[in-house]
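# Report on the structure
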Amino acid sequence: MTEEELKLACARLVDKYSDDLSESLQVETWHLKPIHASNFGKDMAPYQLLKTIKRKFVSTMPEAENVKVAVRVRPFNAREKQRDATNIISMEGSTTFLFNPVAPKEEPKKFAYDFSYWSNDGYIEQDNGYCTADPSHPNGSKFADQAKVYEDLGRGVLSNAWEGYNSTLFAYGQTGSGKSYSVIGYGPNKGIVPLFCEEMFQGIEEKKSSGDATEFEVRFSMLEIYSEVARDLLGNTGNKKKGLKVREHPKKGFYADGLKTYMVTGYKDIQSKIEEGTLNRSIASTNMNATSSRAHTIVGITLIQKAKNATGQETAKTSVVNLVDLAGSERVASTGATGDRLKEGAAINQSLSCLGNCIHALAEKSSGKNTRVPYRDSVLTRLLMNALGGNSKTVMVAAISPADINYEETLSTLRYADRAKQIKTLATINEDPTEKMIRELREENEKLKKALQSGEIGISDGKPGMSEDEIALYWIKREEEMKARLAENNRELMQMKQSYEEKMKQAQQQQKVDDNKAKIEEEKKKHPHLANLNFDPLLSGKITHIIKLGKNTIGKSDTDITLFGPSIHDMHAVITRDNDGVISIEGCSSDSRILLNGDPVTSEVVLSHCDRLMFGTTQLYVYNNPEQAKKSKETYPEVTYEMAQEEIANKAGINMDSDDHSLETALLNKDLLEVLPGIDEANSISEELDKRVKFEVMLISPQMIGKLSGRTEVLVKMRNLENELEFEWPKDVFLNRLYLMKEMYQNYESGEEWDLPEERDPFIEHINTEVRIGNVQVFLQPLAYMVEQKEQLEITDFKGTEVGIMNVEVVPCTETGKEYCENDDVFIDNPAELIGKNLHFIMKIHGCRGLPNKYRDIRCKYRVFLDEEDTVSEIVTSTINPDFNHQKTFSFKPVTQQLVDYLNNGAIMVQVWGKQKIRNSVIPKAEGKNTKQMFQADLLNHANNLANGFRMNGRTVDPNKQSIIVELLLMKKQQGRQQQRLENFKKLISVAEKQNQRSVPVYIIKDLMSASTPEAAEPILAQLSSDDEYGDYNRVRSSSACILL
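Residues numbered from 1 in each chain as written. Predicted model: local features only at pLDDT ≥ 70, side-chain atom pairs only at ≥ 80, totals over all residues. Heavy atoms only, no water.

A count of helices and strands for the protein gives 27 helices and 45 strands. Per-residue burial over the protein gives 49% buried out of 1045 residues. By sequence separation, contacts in the protein at least 24 residues apart represent 69% of the contacts at least 6 residues apart. For the protein, the exposed area adds up to about 51,800 Å²; of that, 49% sits on carbon and sulfur atoms. (Helix = DSSP H or I, 4+ residues; strand = E, 2+ residues; numbered from the N terminus. Buried < 20%, exposed > 50% of the residue type's maximum accessible area, 1.4 Å probe, protein only. Contact = heavy atoms within 4.5 Å. Areas by Shrake-Rupley, 256 points an atom, 1.4 Å probe, with all protein chains shown as cover.)

With that settled, the discussion passes to the packing of aromatic side chains. Under the counting rule described, the total for this entry stands at 19 aromatic pairs. For the pair Tyr-785 and Phe-827, a centre-to-centre distance of 6.3 Å together with 20° between the ring planes defines the contact as stacked. Here Tyr-785 is found in the loop between α20 (781-784) and β37 (789-796), whereas its partner Phe-827 is found in the loop between β38 (802-812) and β39 (839-849), with 42 residues between them in sequence. Classification of Phe-827 by relative accessible area gives buried; the value is 9%. (Phe/Tyr/Trp six-rings, centres within 6.5 Å; stacked < 30°, edge-to-face > 60°.)

Residue Pro-894 follows Lys-893 across a cis peptide bond; omega there is -10°. Within the secondary structure, Pro-894 sits in the loop between β42 (883-892) and α21 (897-905). Its identity is not glycine, yet Phe-865 carries a phi of approximately 55°, on the positive side. The residue Phe-865 is located in the loop between β40 (855-862) and β41 (871-872) in this model. Judged by relative accessible area, which is 22%, Phe-865 ranks as partly exposed. A positive phi angle, near 50°, is found at Asn-885, a position not held by glycine. Examined against the element boundaries, Asn-885 turns out to sit in strand β42.

We now examine empty space enclosed by the protein. What the rule picks out here adds up to five cavities of 30 Å³ or more. Lining the second largest cavity, in full, are Val-67, Phe-170, Leu-326, Leu-355, Ile-359, Ala-387, Leu-388, Thr-394, Met-396, Ala-420 and Ile-423. For the lining of the second largest cavity, the secondary structure elements donating two or more residues are α8 (350-366), α10 (385-389) and β19 (393-400). (1 Å grid on protein atoms, 1.4 Å probe; cavity = no way out; pocket = protein on both sides within 12 Å on 5 of 7 lines; lining within 4 Å. Points joined across faces, edges and corners; volume = space filled by probe spheres on them.)

Okay, the sheet that holds strand β34 (residues 713-720) next. With antiparallel pairing, the three strands of this open sheet are ordered in space as β33-β34-β35. Each edge of the sheet is formed by a strand with only one pairing partner; in this case those strands are β33 (693-700) and β35 (726-730). Direction aside, neighbouring strands of the sheet carry axes that sit 30° apart on average. Here β34 pairs with β35 via five bridges, running antiparallel. Across the sheet, the residue bridging to Leu-715 is Pro-730, located in β35. Packed onto the sheet, helix α18 (residues 663-688) meets β33 and β34 and runs at close to 165° relative to β33. Along the sheet, helix α19 (residues 731-749) makes contact with β33, β34 and β35, crossing β35 at roughly 100°. (Pairing = 2+ DSSP bridges. Axes fitted to C-alpha atoms, helices over the stretch in contact; angles between N-to-C directions.)

What tends to happen in soluble globular proteins is that the nonpolar side chains get buried as a cluster. Formed by 70 residues in total, the largest nonpolar core has its most connected members in Phe-695, Phe-734, Met-806 and Val-910. The dominant element in this core, judged by the number of residues it contributes, is α18, at eight residues. Residues Trp-118, Ala-230, Ala-361 and Leu-384 belong to the second largest nonpolar core, which totals 47 residues. (Core = buried A, V, L, I, M, F, W, Y, C linked by side-chain atoms within 4.5 Å.)

Along its 17 residues, α8 runs 24 Å from first to last C-alpha, staying within 8% of the 24 Å computed at 1.5 Å per residue. Residues of α8 that are buried: Ser-351, Leu-352, Cys-354, Leu-355, Gly-356, Cys-358, Ile-359, Ala-361, Leu-362 and Ala-363. Buried residues in α8 make contact with β12 (215-226), β17 (296-308), α9 (379-383), α10 and α11 (407-420). With its phi angle positive at about 105°, Gly-368 sits one or two positions after the end of α8. (Expected span 1.5 Å × (residues − 1).)

Okay, helix α17 (residues 641-651) next. Taken together, the buried positions of α17 are Ala-644, Gln-645, Glu-646, Glu-647, Ile-648 and Ala-649. Against α3 (78-82), β28 (594-596), β31 (611-615), β32 (619-624) and α18 lie the buried residues of α17. Positive phi appears at Gly-653, one or two residues downstream of α17, with a value of about 100°.

Moving on, we come to the pairing of strand β2 (residues 68-73). With five of six residues buried, β2 lies mostly within the body of the structure. Direction of pairing for β2 relative to β19: parallel, over a ladder of six bridges. Counterpart to Ala-70 in the pairing with β19 is Val-397. Strand direction decides the pairing type here: β2 and strand β6 (residues 115-118), joined by four bridges, are parallel. Paired with Arg-72 across the bridge in β6 is Tyr-117.

Here we come to the pattern of salt bridges. Close approach of charged atoms allows side chains with opposite charge to pair. Scanning all chains against the criterion turns up 45 salt bridges. Of the charged contacts in the structure, one is a salt bridge between Glu-80 and Arg-74, with a shortest N-O distance of 2.8 Å. No difference in accessibility class separates Glu-80 from Arg-74, as the two residues are buried. Here Glu-151 and Arg-155 are joined by a salt bridge, their closest N and O atoms 2.0 Å apart. In this pair, Glu-151 and Arg-155 are both assigned in helix α4 (residues 146-163), four residues apart and thus about one turn of the helix distant. By sharing partners, the salt bridges in this structure join Glu-224, Arg-231, Arg-281 and Asp-536 into a single network. (Salt bridge = Lys/Arg side-chain N within 4 Å of Asp/Glu carboxyl O.)

This brings us to the pairing of strand β9 (residues 167-172). For a regular strand, side chains alternate in direction, first toward one face of the sheet and then toward the other. Of all the six residues making up β9, six are buried; the element is thus mostly covered by neighbouring parts of the structure. Pairing analysis gives five bridges linking β9 to strand β18 (residues 314-325), with the strands arranged parallel. Within β18, the residue paired with Phe-170 across the bridge is Val-324.

The next thing to look at is the sheet that holds strand β5 (residues 109-112). On the basis of which strands lie adjacent, the open sheet formed by three strands has the order β3-β4-β5 and antiparallel pairing. Edge strands, defined here as strands with exactly one partner in the open sheet, are β3 (89-92) and β5. For this sheet, the mean angle separating the axes of adjacent strands, direction not counted, is 20°. The pairing of β3 with strand β4 (residues 95-98) spans four bridges and is antiparallel. The residue of β4 that forms the bridge with Ile-89 is Leu-98. Set on the sheet, α11 makes contact with β3, β4 and β5; between it and β5 the angle comes to about 35°.

Spatially, the C-alpha atom of Phe-865 lies 7.0 Å from that of Tyr-902, the residues being 37 residues apart in sequence. Excluding residues that lie within four positions of it along the chain, Phe-865 makes contacts with Phe-892, Gln-898, Leu-899 and Tyr-902.

Another aspect to go through is the confidence of the model for the protein. Per-residue pLDDT for the protein has a mean of 80; in total, 74% of the residues score no lower than 70. Here residues 19-40 scores under 50 on pLDDT; set against residues more than four positions off or in separate chains, the count is 49 contacts. pLDDT under 50 marks residues 945-954. Its contacts with residues more than four places away, or in other chains, come to four contacts. (pLDDT = per-residue confidence, 0-100.)

Glancing now at the side chain of Glu-765. When you line up the elements, Glu-765 lands in the loop between α19 and β36 (771-779). A polar atom in the side chain of Glu-765 sits 3.3 Å from the side chain of Arg-737. (Polar contact = N/O pair within 3.5 Å; in protein donor to acceptor, adjacent residues only side chain to side chain.)

Another aspect to go through is the environment of Ala-417. Tracing the sequence through the fold places Ala-417 in helix α11. A residue is classified by how much of its surface remains accessible, and Ala-417, at 0% relative accessible area, is buried. In this structure the C-alpha to C-alpha distance between Ala-417 and Val-67, which are 350 residues apart in sequence, comes to 9.8 Å.

Structural data, given as structure tokens:
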């Protein structure tokens, strides 16, 4: 066997058995690729060869390492300080503790990581602005500054890069948690990336100065993944909507085809590229109506070291360092949009959910389970396959907020990081002889060319039983993949052949100084301008529009300032700057939506420094006038996206600046700030796409949506203006639908096919979707005293308006279901007497009366005590007076203190659900009108209602009414019992006086106390005249007698 034949046999064996090997050795298949035939004997039989491959592979296999995980808590921000936010984080060593603000007495949740960095307090700011530990502060000794974080995490990444290992640094956490501060930093407080780059280039210069002949090359790339589309943030990718194709290469794995890489010679080059990429992100977020908090960013820094080994052979050591800014963790919980039929429809959710699935599967795999890791299920996980479980040394920095308002998001981040630390990776040094790499690339290219020319692409890995059309499509796809691989190989070959001087020349051409950018930065310091505001602080202030002398037109096309988005007209507004320095703004038409500091602009108005401007429903800007700011003695606050949106909400009548600094109010405001801008945007999109749907915000108490406790919730009412059907959407369902609406609008703006079939249309809710008609609270306090309850209770909707009545009963019974009656005398004076005994009762729902006639298919749902699933009545159709005749027996053996507390203070919340029906009378009103006209008619109708007073279909019901009724019922029962006891004692005194008895046995007193009727008292009183009974009493008189004085 020749050496070439042995190599071929080895390659075939590895290819054939790699799956079995990787499964048995618990490693990824690509780890088998470096095995070369030269390591084995020439005369080996195939099975011996395979056996040797296994043995040599095991002996040379790199050692698995866990992902290194660090958690860092930031200081309170200005908003949190303003509302006196409570700190919910503490750290001891590498352990992080999380306290639940709702239950502060509970044991804190405990998480152990490689590093826990305390950066909340315990620091002082030096004269140069650098934050360092304050020795006088109690937490000064544990404060972690930027240098500490870099020393622990960044320096290790750099060391790995020098050695030729791939490295990945993940930054994870909710928006505003301090991710950017740790990774990039601000001012003198440089983060991991600038410190890493500075030290890397400094190391290159030192090596060159010492006479090292190694040739160093650093390349930079930056891409964003949004809604399953990978987009080059530095290059012109042509079709931005379709983005870059993610392809698989047999050697380097998944890659973004067409992603441009730029040669950089210092950190300034990298900083410039990061700023360029961030600007492009901001433009896309603003103009493409995208949501930056759902976008992942991957920055790639490639370090190539070319040198000659001892034999004179040139080798290339390549290290790829990926810096990954993952989408805000606050989105993870809501991406499923529980209960929504379109929860899987938005591609925007895919990367987030799939990343969680991969991390979970990798954690399972690390614990020894044979679990499939779904890398291929999303663009993000395909590109991060090496970083998550392959050839990379991986670090995760999880940034968290210390504020009580962010408890849920912080808990989500800590759990995510806790799972990530269980993942193991196997990193190998990426070093190969240059000649060998060139030869292998050429050989592969020859094979690809021959296959393409001959048409012998094959369908060996296709699915069996494929049709001719499927085979044809598969053939086209395979051909496209092979051509892409050929192009990628040619690109690599060209790079390898180029000299360092040629690459430097090309880099200089790519990185010509952007005079226009520098010019804008200078103009910003002198001239008035608009600067964008974004939900992500990192993207705010990146888009600048200089206001020139004269008229500055704003609109979609052929204008000085071009803006895109819902409710933006072709000619939307004009900003005028006169020779005296006065700048004013006015709309181009009566329906040009412009808000100035939250107020609508209805005529020309003069602008002042720091004014907030909203164009349409998504284009939010701050107006800056440097000259005016210098002349004014006024101190201007920093304008943020959050501040501007709060202002808009306040002007719309929702008080966001109350003195109530409670956690509940803070959470409510947080939800409102997330939903209110979305409602405006959804209504604008509905109007432009003529969807005949209107959205409104609803603030609902928990009782009004079937919950016994909790905080006020933000819901969205979706109202179909054509047929007047109404649906309530939870916040997460609305936000999930909003992303789909944005995708539709983006396609509409691009001139592509945008409308969707009914089952995928986010504006449509199916007529058979159940809706909540109303609720009934059945208080259980009578049951705690073993008193039956038969009531006719009001059914109230979320407004507290009566929409019908319900006949219910809650009746104590025996274990066999026999109901207790008055004569059974099971009434108790204290609910605590139930503890340790068995309790049985029957819940009856007889029916409802007077429900609105727009409902059909009505049923009831409820839960008792700790039930995890609803008890549901039968569905009753074709009537607004349904008779359910529902009853269910509940048994508790034995009664606990928790159950007694529930009976005493709780209630059964019975929810009435049904489906809506379209009334024929509403259809003619909508005929011939578009959505815009319907909006105007609805607004006019609302104004008439305000002028004439609201007319309710039903009366408003006090939610405490039923509780008061129950208390009166119990008071009546207890009063009757006390009156009976008083009568019993009057008779006792009378009988005793007649018999001249001055003492009465205690057991007679106790029996009389329990006698609930005159008939029950008579035989007890008769015992006083019984000589035998009394004689028995006299024998115990000294210890149990009541003396009548």
